[in-house]
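Each chain is listed here by its residues.
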Amino acid sequence: MTGMIRILFASWYTGLGGGETDLLTLVESLDKDRFSPHLLLPAEGQLSKRWRSAGLPLHILPYRGASTFFIPAIWARFPVVRQMMELLRREQIDLVKSDYHTLPLIAPAAQRLEIPVTWTLHGWWFKPKPWQKAFFQRIPKATAIATAARESFLGDPPFMPGRQMPVIYAGVDTGRFRPALDGLALRRELGIGAEATVVAMVARFQPVKGHHTFQTLAKRVLAERPDTQFIVAGDDVFGVAGDARYRDRILANARSDTYLRDRLHYLGFRDDVEAVYAAADVFVCPSEFESYGLANLEAMACAVPVVSTGRGGPSETIVDGVTGFLVDVDDPEALATPVLRLLADEGLRKTMGAAGREHVERNFSAAAGAAAHCKIFDELLELN
């Protein structure tokens with residue numbers, strides 16, 4: 001296809017989680033002479049703010065995102081589908097790339113106009129119901145954020161060929177996330193001395209992310225190294241009531257615990273999350289499951305060694321014993337052992353940090369991720 005290619009990215013999520021950060025990194029890495037990115041959202045939020053700041057076209061169209069029980073034939077008849085068709089016509093969109101929750105609405109709109117559509121599987125919890133499988137099979141090419149997420153989605157035996165959903169790992173902006181950033185600025189902000197060792201976590205509040213496990217880990221580490229400080233960045237970015245209750249419970253527990261009160265710092269949402277990595281000596285991901293675990297890669301890009309649970313994406317992105325350590329889920333003691341080892345050995349931290357940076361540059365760069373997506377875009381446009 002010649003000329004500028006207009007791509008409409010569609011996301012029901014308006015906050016900034018891993019999937020939305022992945023979207024922004026991809027768009028920033030696209031060839032600006034070939035692609036004109038547009039974004040469709042149901043409401044304003046952190047994502048729209050970032051998109052507008054880049055000077056890119058934004059479209060707000062209120063709609064409700066699909067649950068995992070959606071019935072394709074019913075969702076295709078919703079009035080908003082016709083509104084989406086009007087948007088696609090008006091903006092002369094050539095290609096649509098959707099998230100899961102918008103797909104049952106935008107896919108029929110695009111298909112009626114013979115506009116190719118694709119989507120990216122980010123969530124490990126998406127498992128198609130029998131009445132949904134034909135809907136997903138009709139989309140010629142989708143992508144998955146990691147092999148673990150794809151295998152969970154396709155099932156055993158798979159309901160469609162794996163080649164119809166290739167894995168494209170999310171790229172990391174290695175210019176933004178890099179070693180030698182000023183980590184002292186955040187430490188000064190929090191009253192943490194330059195000589196203190198710091199353990200960090202970056203995740204939105206959700207029970208699966210394991211903030212409760214991180215608190216138990218912190219107390220275990222403090223029993224041996226009482227001078228250690230802990231930093232947690234993230235918030236209830238999607239406005240889910242259950243996540244907000246979980247956040248409030250975690251924060252209340254930290255305030256009431258004499259061990260944690262002055263040593264565990266909750267920062268809330270941070271636009272400058274790279275400053276958190278820069279301030280850390282060790283990064284920890286205590287999640288029960290990660291579809292991908294983008295924060296692990298961002299930390300490694302900043303040359304910070306990672307200690308992560310290994311269920312899901314982290315088992316594909318972390319080289320155990322080289323760029324960090326993989327441990328079992330729901331086991332604070334298993335987390336504490338390598339964390340304590342790293343805190344006690346500055347040389348090991350530097351060696352693993354350097355290996356992590358090299359690993360990300362070689363295998364998870366933003367440019368490589370964008371190139372893989374562009375190949376999919378070109379295939380779909382040629383099919384059309």
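The model shown is predicted, which means the values in this text are computed figures rather than measured ones.

On to the packing of aromatic side chains. One pass over the structure, following the stated rule, counts 24 aromatic pairs. Note on phenylalanine 70 and phenylalanine 135: the rings are 5.5 Å apart at their centroids and 80° apart in plane angle, and the pair reads as edge-to-face. Here phenylalanine 70 is found in the loop between β3 (58–60) and α3 (72–75), whereas its partner phenylalanine 135 is found in helix α6 (residues 133–137), with 65 residues between them in sequence. The two residues phenylalanine 70 and phenylalanine 135 agree in class, both being buried.

Our focus in this paragraph is the sheet that holds strand β10 (residues 282–285). Taken in spatial order, the six strands make up an open sheet running β9-β8-β7-β10-β11-β12, and their pairing is parallel. The open sheet terminates on both sides in strands that have one partner only, identified here as β9 (264–268) and β12 (324–327). Each strand axis lies, on average, 20° off the axis of its neighbour in the sheet, ignoring direction. By the bridge criterion, four bridges tie strand β8 (residues 229–233) to β9 in an arrangement that is parallel. Note on β9: the bridge partner recorded for alanine 233 is glycine 268.

Summed over the entire model, instances satisfying the criterion amount to two cavities of 30 Å³ or more. In this structure, the largest cavity encloses a volume near 50 Å³. Lining the largest cavity are Asp22, Thr25, Leu26, Tyr169, Ala170, Gly171, Ala366, Gly369, Ala370 and His373. Going through the elements one at a time, α1 (18–29) and α16 (366–383) are the ones with two or more residues in the lining of the largest cavity. When residues in the lining of the largest cavity are grouped by element, the largest group, four residues, is from α16. Along the lines of polarity and charge, the residues of the lining of the largest cavity split into five nonpolar, four polar and one charged. Roughly 40 Å³ of internal volume is contained in the second largest cavity. Around the second largest cavity, the lining residues are Thr21, Thr25, Gly171, Val172, Asp173, Arg176, Phe177, Leu294 and Glu298. Elements that contribute at least two residues to the lining of the second largest cavity include exactly α1 and α12 (294–301). For the lining of the second largest cavity, a count of residues per class yields three nonpolar, three polar and three charged.

The next subject is the layout of surface pockets. The calculated volume of the second largest pocket comes to roughly 400 Å³. The wall of the second largest pocket is formed by 18 residues, among which Ala278, Ala280, Asp281, Ala303 and Val304 lie closest to the centre. Elements with a contribution of two residues or more to the lining of the second largest pocket: α11 (273–279) and α15 (346–363). Counted by class, the lining of the second largest pocket contains 11 nonpolar, one polar and six charged residues.

Moving on: the packing of helix α9 (residues 211–224) against helix α14 (residues 332–344). Where α9 contacts α14, the axes come no closer than 9 Å and their chain directions differ by 45°. Between α9 and α14, the interaxial angle falls into the category oblique. The crossing of α9 and α14 is right-handed. Taken together, the residues of α14 that come into contact with α9 (itself represented by Thr213, Thr216, Leu217, Arg220, Val221 and Glu224) are Pro332, Glu333, Leu335, Ala336, Val339, Leu340 and Leu343. In terms of residue class, the contact of α9 with α14 is made up of eight nonpolar, two polar and three charged.

Rules and cut-offs
- Residues numbered from 1 in each chain as written.
- Predicted model: local features only at pLDDT ≥ 70, side-chain atom pairs only at ≥ 80, totals over all residues.
- Heavy atoms only, no water.
- Phe/Tyr/Trp six-rings, centres within 6.5 Å; stacked < 30°, edge-to-face > 60°.
- Helix = DSSP H or I, 4+ residues; strand = E, 2+ residues; numbered from the N terminus.
- Buried < 20%, exposed > 50% of the residue type's maximum accessible area, 1.4 Å probe, protein only.
- Pairing = 2+ DSSP bridges.
- Axes fitted to C-alpha atoms, helices over the stretch in contact; angles between N-to-C directions.
- 1 Å grid on protein atoms, 1.4 Å probe; cavity = no way out; pocket = protein on both sides within 12 Å on 5 of 7 lines; lining within 4 Å.
- Points joined across faces, edges and corners; volume = space filled by probe spheres on them.
- Nonpolar A, V, L, I, M, F, W, Y, C, P; charged D, E, K, R; others polar.
- Parallel < 35°, antiparallel > 145°, perpendicular 65-115°, else oblique.
- Left-handed = near helix turned anticlockwise from the far one by under 90°.
- Contact = heavy atoms within 4.5 Å.

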